[in-house]
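Now for the letters of each chain:
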Amino acid sequence: TQTVSQSDAHVTVFEGDSVELRCNYSYGGSIYLSWYIQHHGHGLQFLLKYYSGNPVVQGVNGFEAEFSKSDSSFHLRKASVHWSDSAVYFCAVSAPNTNKVVFGTGTRLQVLP
Amino acid sequence: EAGVTQSPRYAVLQEGQAVSFWCDPISGHDTLYWYQQPRDQGPQLLVYFRDEAVIDNSQLPSDRFSAVRPKGTNSTLKIQSAKQGDTATYLCASSPDNYEQYFGPGTRLTVL
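Keep in mind it's a predicted model, so treat the numbers as computed, not measured.

Asker: Explain the nonpolar core here, please?
Answerer: In globular proteins that are soluble, nonpolar side chains generally tend to be buried together. With 27 residues, the main nonpolar core has Leu 33, Trp 35, Leu 47, Leu 48, Phe 74, Leu 76 and Tyr 89 of chain A as its most contacted residues. Within the residue set of this core, elements represented by two or more residues are strand S2 (10–14), strand S3 (19–21), strand S5 (32–38), strand S6 (45–50), strand S8 (64–68), strand S9 (73–78), strand S10 (87–94) and strand S12 (107–112) of chain A. Residues Leu 13, Leu 32, Trp 34 and Leu 46 of chain B belong to the second largest nonpolar core, which totals 23 residues.

Asker: Whenever I open this one, the interface of chain B and chain A confuses me. Can you help?
Answerer: When the parts come together, some accessible area is lost, and that loss is often what is quoted as the size of the interface. The interface is formed by 23 residues belonging to chain B together with 22 residues belonging to chain A. When chain B packs against chain A, the two sides together hide about 1800 Å² of surface, and 46% of this comes from carbon and sulfur. One can count two salt bridges joining chain B with chain A. Here Arg 108 of chain A ties to Asp 40 of chain B by a salt bridge, and the two come within 3.4 Å at their closest N and O atoms. At the surface where chain B touches chain A, the tally comes to four residue pairs in polar contact (both at pLDDT 80 or more). Within the residue set of the side of chain B that touches chain A, elements represented by two or more residues are strand S4 (31–37) and strand S5 (44–50) of chain B. Grouping the constituent residues of the side of chain B that touches chain A by class yields nine nonpolar, seven polar and seven charged.

Cut-off values and rules
- Residues numbered from 1 in each chain as written.
- Chains lettered and ligands numbered in written order.
- Predicted model: local features only at pLDDT ≥ 70, side-chain atom pairs only at ≥ 80, totals over all residues.
- Heavy atoms only, no water.
- Core = buried A, V, L, I, M, F, W, Y, C linked by side-chain atoms within 4.5 Å.
- Buried < 20%, exposed > 50% of the residue type's maximum accessible area, 1.4 Å probe, protein only.
- Helix = DSSP H or I, 4+ residues; strand = E, 2+ residues; numbered from the N terminus.
- Contact = heavy atoms within 4.5 Å.
- Buried area = accessible area lost by both parts, 1.4 Å probe.
- Salt bridge = Lys/Arg side-chain N within 4 Å of Asp/Glu carboxyl O.
- Polar contact = N/O pair within 3.5 Å; in protein donor to acceptor, adjacent residues only side chain to side chain.
- Nonpolar A, V, L, I, M, F, W, Y, C, P; charged D, E, K, R; others polar.

The structure is reproduced here in structure tokens:
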């Protein structure tokens, strides 16, 4: 069974700062990893995904994430955040032989002006 | 391309009442998911379908919850006798593959 943990419930930064949102997973085999964003009152929106190849994947709006097998991590980063990036970010994992996706508990990112 | 649509957007019930949620996925997406998202938590899978078949409903409280997708397109999630613990947002998502899900706006349910 795959599990995912997001250790930071809240992260606060200033506009223009860089940010890293952490995600760690546990699973014995190959795994799909993804990040989603949820603005208040809306459904989740896909940001990016990784399965194989280049461990650094680029997503929408300047987000990128880096896979590390040794650390069992898939941290999300952005070099310069904007106030509109304020939202809840969810890391998600799924095994290749199933369509079932397991979501983390989310990290609320607050970007201050 | 139209996104995933859900209705109603909000529902307020007394305990013991029934409610149905409706989801229209993106055309051509064969996999459809229903999630329950309690306040300030991540989405928790209730059930998912591939076409009209239920693939996994192990997390669906079967005594009160039911879900159908009769023609492999639209889906309905029903709660027969709501409890206060059912208060949450119910999200529908569809997917063309295993990697990327497209979510609707959700139905926010409050059970008094």
